[in-house]
Every structure is written in C-alpha cells, then in structure tokens.
Amino acid sequence: MKKIVIKIILVIAILFLLSRVYYFVIISRAYDAILNFKNETNRYYSVTMINNGQNTIKEEIFIKDNIVKCNEKKDETILHQEWKDLNNKQEYVIDFRNKTFKEKTLTRNEQSFLKNLPRAILDSYQDDTFNLKQFLKIKYIIPAKYENQKCYKIVTNVGTVIINKHTYLPIYSTIKVTNSTEDISSLTENRYEFKIDEVTNEDVALPDLTEFEDIIQK
C-alpha cells in the first residue's frame with residue numbers, strides 16, 4: 001500500500017512538473033513576442049478597455065520613423081493625444097476636451113512603451129528576469145478558440161488572458177478587482193490589436209493645431 005501511495009505521489013509530481021514546463025514555454029514565447037513587437041520600427045498597437053460592460057476607452061500607439069503618436073479615444077472620438085519625435089526629443093500634448101495644448105522636451109525614450117499589457121505575462125518576467133513566484137500564480141494554460149482563432153487560455157486567480165497560438169501575442173484579457181472594504185467587484189476586459197508595417201505618414205502626422213495657437217503652454 002505504501003509503495004502505491006509513493007507511486008501516485010511521484011506520478012502527480014511528474015505531471016505537475018511537465019505541466020509547468022509546458023506553461024513556461026508558452027509564457028516565454030508570449031513575452032518574447034511582445035519584446036519582438038516592441039523592436040519593430042513601424043507598428044500599431046491598441047487596447048480597448050471595457051469596465052463592467054460599459055465605459056469603453058481605447059488607447060492606441062502609432063510608431064513610424066521614430067515618430068510616436070498616442071491617442072486616448074472614447075466612441076472613436078479622440079480625447080487626448082501625445083505626439084513625440086524621438087529624434088529631436090520634442091513632444092506635444094493635446095487635450096481635445098479642454099482645448100489645451102502643451103509643448104515640452106522629452107526626458108526619456110518611450111518608444112518601447114505599451115499600455116495595459118496582460119500582467120500574467122509581464123509579471124512572470126520582471127526587468128527581463130524570470131520571476132518564479134509570479135509564474136507559479138498561473139493556475140492553468142489550455143488550448144482554446146477565440147473568434148475562430150486557435151489560441152491559448154491563461155488563467156490566474158485574478159483574470160484570464162487569451163493569446164494567439166501562432167503569434168503568441170495577446171488578443172483578450174480580463175482582470176477582476178475586488179474592493180475588500182466595500183466587498184465590491186469590478187471586471188475590466190481588454191481587447192488587443194498588434195499590426196506591423198501598416199503605419200503611414202498620415203497616421204503619425206500632427207493634427208491641425210490652429211485652434212490651439214492662443215493657448216500654448218510652455
């Protein structure tokens with residue numbers, strides 16, 4: 001009987017280790033896919049955030065020829081825009097809601113910055129170093145289908161991430177946040193887009209700033 005118990009424990013341990021190796025391969029490829037995308041010189045990235053089924057906000061980043069344009073949109077209306085020329089370190093910040101315009105000099109290079117990427121992937125690699133503690137928080141990874149695409153579904157205690165099986169880039173994620181003091185939960189859904197070599201000069205061009213000329217803030 002004792003030998004049987006030991007064998008069962010060994011089988012469980014082996015299955016656990018094999019599953020973790022499988023998870024590690026997928027998470028590593030997903031992290032590398034994000035890094036490779038960041039290195040592209042012509043790329044488009046967007047994340048659409050939906051809180052509790054409403055209040056949809058879309059953030060998008062265009063990059064071409066070291067020009068970066070970041071939009072914050074609601075219902076396809078641009079609310080806020082940042083335009084950066086990484087060659088001469090110039091930046092314009094435009095608030096379309098309040099008709100304000102600010103010009104400043106960049107203090108850092110933000111070409112590799114992507115907003116609201118899935119934490120399940122990023123937390124497993126902090127400062128490009130594998131983080132075992134965060135990695136072990138992954139409950140399971142299984143093959144799945146999402147919008148007729150073959151994918152992997154990554155599940156943690158706080159949410160789900162779906163990545164494309166071929167590109168390993170995220171397509172969809174959810175994050176559940178609970179306020180312990182008020183016992184209120186909120187669910188945020190994120191939908192992602194990654195495109196390469198499709199950004200045009202028009203995409204990264206500054207808008208007409210004529211209406212902001214009288215309120216420029218240095």
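Just above sits the structure.
Now for a description of the structure that goes with this document.

Reading the values: rules and limits
- Residues numbered from 1 in each chain as written.
- Predicted model: local features only at pLDDT ≥ 70, side-chain atom pairs only at ≥ 80, totals over all residues.
- Heavy atoms only, no water.
- Helix = DSSP H or I, 4+ residues; strand = E, 2+ residues; numbered from the N terminus.
- Buried < 20%, exposed > 50% of the residue type's maximum accessible area, 1.4 Å probe, protein only.
- Contact = heavy atoms within 4.5 Å.
- Areas by Shrake-Rupley, 256 points an atom, 1.4 Å probe, with all protein chains shown as cover.
- Phe/Tyr/Trp six-rings, centres within 6.5 Å; stacked < 30°, edge-to-face > 60°.
- Lys NZ or Arg CZ within 6 Å of the ring centre and 35° of its normal.
- Polar contact = N/O pair within 3.5 Å; in protein donor to acceptor, adjacent residues only side chain to side chain.
- Core = buried A, V, L, I, M, F, W, Y, C linked by side-chain atoms within 4.5 Å.

### Let's talk about the overall build of the protein chain
- Summing up its helical and strand segments, the protein chain has three helices and 14 strands in all.
- Sorting the 218 residues of the protein chain into buried and exposed places 42% on the buried side.
- For the protein chain, contacts bridging at least 24 residues in sequence account for 44% of all contacts bridging at least 6.
- When the accessible area of the protein chain is evaluated, it comes to approximately 13400 Å², of which 53% is carbon and sulfur surface.

### Some points on the packing of aromatic side chains
- Per the stated rule, a full pass over the model turns up 13 aromatic pairs.
- Residues Y44 and F62 carry aromatic rings whose centres are separated by 4.9 Å and whose planes lie at 55 degrees to one another, so their mutual orientation is tilted. One end of the pair, Y44, is in strand β1 (residues 42–51); the other, F62, is in strand β2 (residues 54–64), with 18 residues separating them in the sequence. Grouping residues by exposure puts Y44 and F62 together as buried.
- The ring of F135 carries R20 above its face, with NZ or CZ at 5.7 Å from the centroid.

### Description of the side chain of E91
- Of note, E91 is situated in strand β5 (residues 90–95).
- Within the structure, E91 has its side chain in polar contact with the side chain of K84 (distance 2.7 Å).

### What to know about the environment of Y44
- On the basis of relative accessible area, Y44 is assigned to the buried category, the value being 9%.
- Sequence separation of Y44 and I196 is 152 residues, and the distance between their C-alpha atoms is 6.4 Å.
- When neighbours within four sequence positions are excluded, Y44 is seen to be in contact with F37, K58, E60, I61, F62, E193, F194, K195 and V199.
- At 2.6 Å, the side chain of Y44 and the side chain of E60 are in polar contact.

### A few points about the environment of K104
- Mapping K104 onto the fold places it in strand β6 (residues 100–105).
- On the basis of relative accessible area, K104 is assigned to the partly exposed category, the value being 40%.
- A sequence separation of 15 residues divides K104 from K89, and the C-alpha atoms of the two residues are 8.7 Å apart.
- Those residues in contact with K104 that lie beyond four places of it in its chain are K89, Q90, E91 and V93.

### Comments concerning the nonpolar core
- Core analysis: the biggest nonpolar cluster contains 33 residues, and Y45 and I163 have the highest contact counts within it.
- Here this core takes eight residues from helix α1 (residues 2–38), the largest share from any one element.
- When near neighbours in sequence (up to four residues on either side) are disregarded, Y45 contacts F37, E59, E60, I61, L114, K115, N116, L117, Y192, E193 and F194.
- If you look at the next biggest cluster of nonpolar residues, it comprises 10 residues, including Y44, F96, V199 and V204.

### Overview of the environment of A30
- Summarising the element assignment, A30 is placed in helix α1.
- Judged by its relative accessible area of 0%, A30 is buried.
- Separated by 92 residues in sequence, A30 and L122 have C-alpha atoms that sit 9.3 Å apart.

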